[in-house]
Amino acid sequence: MCGIAGFISDNPLYDTRTIVGQMLDAMRYRGPDQAGIGCYGNATLGMVRLSICDTVPHEIPIAGAGGRQRIVYNGEIYNAEEIRRSLRDQSPYRTHSDAEVALRSYGENGVLAFDRFNGMYALAIWDDLAKEVIVARDKAGEKPLYYCQGKDFFAFASEIKCLLDLVTPAFNADAFSYMAFEFTCGKETLFKDIFSLEPGEYIRYRNGRATVHPYWKIWDRRIDVPEDYNKVKAELTELIYDAVALRTNNCAHSHGVLVSGGLDSALVACITKPDVIFTCHYDLGSDFDELDYARLVAKKIGRDLQIIEPTPEDFLRTEERIAHHLDTPCTWTSFSWWMLMEQMSRQVRVVMTGDGADEIFGGYHRYLLLHHDEQIHRMGAMAQYAYLIDRYYGSPVKRYAKLINRAETMNSEALRNDLEEMVGFYFSKMDGNVVHAMGVTDFYSTMQVLLQMADRVCMAHSVENRSPFLDHRLIQYGFSMSPDFKIRNGVTKAILKDIARAFIPREIVERIDKRGFSAPINRWFGTERYGKYNREFYRKRVFEMWHRLFLDGRRQPVLPRRLNAPLMADALPVKEDHGIARYHHC
């Protein structure tokens, strides 16, 4: 787990090494163990390194065989040894790093190499022969990558704050995903001229032009899965076990699991049997208390449960630091995460979570609403009434767009149209099946909120976060199997619960009241009149703090240069060559 940055320009007046050095300094906590910068042609690449698997210092950026290519890299490729053995070039390696394996694989296979990478990664490769830079992000979006472009430069980094000195920061009032979800997802950010590279995509920068290309999307990677429930259960069990094992064995440090009291984290903990498990507890009544379930997990695997009990004083102490690290105002569970990391970082360098299981296996209770309506459509007696049913209920796209809309202005026609267009895109990719379609929509939208938050909070404490359910083989399998295995007889995540019975306490499998790491902010600060789970108070508070930290008082940037020259340029759009509609992204 690391941080990467790069600056590409044909303008010889830029002091590119200083520019990239300043970008790395802004996120030094992501890589406290080592740092390096290299200049190649018109590209300057840099990296700060957190040593998780390969703990020996080595040259950064890493060179490929013959020195023709260089890589900076953030993340872990868990099947690196398997890839290493499959390559034609078996000459000695300079390091034990999976980054060097990734570079050699790219040298033999080009961007097709990314298909085989099982892991989380954001990387940039300089190719001296092609005189180009390739910047890629992993299939699920676990590792972040942002970019911006001016008239005579292109830049990228692991965090937004690293790019703020390259553009004039301005609020992106058109970011509809923030209005809808209280967070940005897809390509857009809350800064007008800074963009996010989406999961499963790469950028090719050549001859002063950056183009975005997809290489892995769920709807293009569906596979044949048996129709027999027992066969699917057996295959899925094996995949889950292997995904957890890959992420457990590929580590030179002790590791922990965050146990929320729910099925997903309990299953990960009971399979991996970590060195230590943690939970977050608020002693304010049953709505916020899942401690008994976490204790069941600890008893099952024979580990001590470390309990973190945050206070209102902790919230006030940490809120500005959290806002700084998130880069974007987030009203979700970042505070609970932060308090957990403060304690965990003293004991472990790797943490496992259950992220992704709800989206992939149909776990959210809201899915039951559209699933119920779909059952009505399937009834033979209703076959001639599909048109009337849609008139009565509204189309599945319109209903789901309304269901996930968190905006204050839910009746805004422009926002409603944007959200329906986004949801409609994902629904169209999943053959009209609403369970798969809802999961894919959430996978590329609201799940990205959770991944971004987990990455920033963990990296702020120099801890690596791993999510076994985001193994791309599980993603493929989950969105290829029959959706009837996900929701059965009104039970969400049905097949996963069936699998989990062999590993975790029965009481957790049968829960129907799971909430996650919710913090009682409204109770603490006397704003319960808005509702126990209403985010309005917190949303306004974190947005105002974000605006103060990132926008107030910022001026036109002046980039470091070798000679006196006007260097700042207006931001330019990056060409997207894949021909996908605008709301392929949120």
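Shown above is the structure to which this text applies.
Keep in mind it's a predicted model, so treat the numbers as computed, not measured.

Observations regarding the overall build of the protein
- Summing up its helical and strand segments, the protein has 21 helices and 18 strands in all.
- Each of the 586 residues in the protein was classed as buried or not, and the buried ones make up 61%.
- Look at the contacts in the protein between residues 6 or more apart in sequence, and 72% of them connect residues 24 or more apart.
- Total accessible area on the protein is roughly 22,900 Å²; 48% of this is exposed by carbon and sulfur atoms.

Examining the packing of aromatic side chains
- This model, assessed by the stated rule, comprises 36 aromatic pairs.
- With centroids separated by 6.2 Å and ring planes inclined at 20°, the aromatic side chains of Tyr 106 and Phe 114 adopt a geometry described as stacked.
- For Tyr 106, a relative accessible area of 5% gives the class buried.
- Relative to Phe 543, the ring of Phe 171 lies with its centre 5.7 Å away and its plane at 75°, an arrangement referred to as edge-to-face. Taken together, the positions of Phe 171 in the loop between strand 9 (153-157) and helix 4 (176-181) and Phe 543 in helix 21 (residues 536-550) put the pair 372 residues apart, joining distant regions of the chain.
- Among the aromatic side chains, those forming a connected cluster through ring pairs are Tyr 106, Phe 114, Phe 117, Tyr 121, Tyr 202 and Tyr 215.

A few points about empty space enclosed by the protein
- With the rule as written, the count across this model stands at seven cavities of 30 Å³ or more.
- By volume, the largest cavity is sized at about 220 Å³.
- Every residue lining the largest cavity is counted, 23 residues in all, and those nearest its centre are Arg 137, Tyr 146, Thr 184, Ser 196 and Gln 452.
- Broken down by element, the residue count for the lining of the largest cavity peaks at four residues, all from helix 16 (residues 446-460).
- Across the lining of the largest cavity, the residue classes break down as nine nonpolar, eight polar and six charged.

With respect to the nonpolar core
- Judged by nonpolar contacts, the single largest core of 99 residues is most densely connected at Phe 114 and Phe 443.
- When near neighbours in sequence (up to four residues on either side) are disregarded, Phe 114 contacts Tyr 106, Tyr 121, Leu 123, Ile 134, Ala 136, Lys 139, Tyr 202 and Tyr 215.
- With 32 residues, the next largest nonpolar core counts Val 276, Tyr 282, Met 341 and Trp 524 among its residues.

Comments concerning the pattern of salt bridges
- One pass over the structure, following the stated rule, counts 37 salt bridges.
- Ionic pairing is found between Lys 217 and Glu 201, a salt bridge with its closest N-O pair at 3.4 Å. You can see Lys 217 sitting in the loop between strand 12 (209-214) and helix 5 (229-249) and its partner Glu 201 sitting in strand 11 (residues 201-206), a full 16 residues away along the chain.
- Glu 201 gets classed as buried once you look at its relative accessible area, which sits at 2%.
- Residue Asp 455 is joined to Arg 456 by a salt bridge in which the shortest nitrogen-to-oxygen separation is 3.1 Å. For the residue pair Asp 455 and Arg 456, the accessibility class agrees, reading buried in each case.

Some remarks on the pairing of strand 14 (residues 276-280)
- With five of five residues buried, strand 14 is to be regarded as a mostly interior element.
- The alternating pattern of strand 14 places Val 276, Phe 278 and Cys 280 and Ile 277 and Thr 279 on opposite faces, both of which are buried.
- Taken together, the three bridges between strand 13 (residues 255-258) and strand 14 define a ladder with parallel strand orientation. Counted as the bridge partner of Val 257 is Ile 277 from strand 14.
- Taken together, strand 13, helix 6 (residues 263-272) and strand 14 form a β-α-β motif whose crossover is right-handed.

A short note on the sheet that holds strand 14
- If you walk across this open sheet you meet the five strands as 15-14-13-16-17, and the pairing is parallel. For this open sheet the edge positions go to strand 15 (305-308) and strand 17 (464-466), each flanked by a neighbour on one side alone. On average, adjacent strands in this sheet sit at an angle of 30° to one another, irrespective of strand direction.
- Pairing between strand 14 and strand 15: four bridges, direction parallel. When the bridges of strand 15 are listed, Phe 278 appears paired with Gln 306.
- Relative to the sheet, helix 6 contacts strand 13 and strand 16 (350-352), its axis offset from that of strand 13 by approximately 155°.

Description of the sheet that holds strand 10 (residues 195-196)
- Pairing is antiparallel in the open sheet, where six strands are placed in the order 2-3-1-9-8-10. Looking at the sheet topology across the chains shown, the edges are occupied by strand 2 (34-40) and strand 10.
- As paired elements, strand 2 and strand 3 (residues 43-49) share seven bridges and run antiparallel to each other. Residue pairing across strands places Tyr 40 opposite Ala 43, the latter belonging to strand 3.
- Most of the contacts of helix 1 (residues 16-25) go to strand 1 (residues 2-8), to which it runs at about 150°, and overall it touches strand 1, strand 2, strand 3 and strand 9.

Regarding helix 9 (residues 334-344)
- Across the eleven residues that make up helix 9, a large majority, ten, are buried.
- Residues of helix 9 that are buried include every one of Ser 334, Phe 335, Ser 336, Trp 337, Trp 338, Met 339, Leu 340, Met 341, Glu 342 and Met 344, and no others.

Section: the packing of helix 14 (residues 413-429) against helix 15 (residues 434-443)
- Running from N to C, helix 14 and helix 15 point in directions that differ by 125°, and their axes come no closer than 8 Å. Relative to helix 15, the element helix 14 is oriented oblique. Our pair here, helix 14 against helix 15, has a crossing hand that is right-handed. Contacts between helix 14 and helix 15 involve Met 422, Val 423, Tyr 426 and Phe 427 on the former and, on the latter, Val 434, Ala 437, Met 438, Val 440 and Thr 441.
- Of the residues that constitute the contact of helix 14 with helix 15, the class distribution is eight nonpolar, one polar and no charged.

Reading the values: rules and limits
- Residues numbered from 1 in each chain as written.
- Predicted model: local features only at pLDDT ≥ 70, side-chain atom pairs only at ≥ 80, totals over all residues.
- Heavy atoms only, no water.
- Helix = DSSP H or I, 4+ residues; strand = E, 2+ residues; numbered from the N terminus.
- Buried < 20%, exposed > 50% of the residue type's maximum accessible area, 1.4 Å probe, protein only.
- Contact = heavy atoms within 4.5 Å.
- Areas by Shrake-Rupley, 256 points an atom, 1.4 Å probe, with all protein chains shown as cover.
- Phe/Tyr/Trp six-rings, centres within 6.5 Å; stacked < 30°, edge-to-face > 60°.
- 1 Å grid on protein atoms, 1.4 Å probe; cavity = no way out; pocket = protein on both sides within 12 Å on 5 of 7 lines; lining within 4 Å.
- Points joined across faces, edges and corners; volume = space filled by probe spheres on them.
- Nonpolar A, V, L, I, M, F, W, Y, C, P; charged D, E, K, R; others polar.
- Core = buried A, V, L, I, M, F, W, Y, C linked by side-chain atoms within 4.5 Å.
- Salt bridge = Lys/Arg side-chain N within 4 Å of Asp/Glu carboxyl O.
- Pairing = 2+ DSSP bridges.
- Right-handed = clockwise from strand over helix to strand, strands pointing away.
- Axes fitted to C-alpha atoms, helices over the stretch in contact; angles between N-to-C directions.
- Parallel < 35°, antiparallel > 145°, perpendicular 65-115°, else oblique.
- Left-handed = near helix turned anticlockwise from the far one by under 90°.

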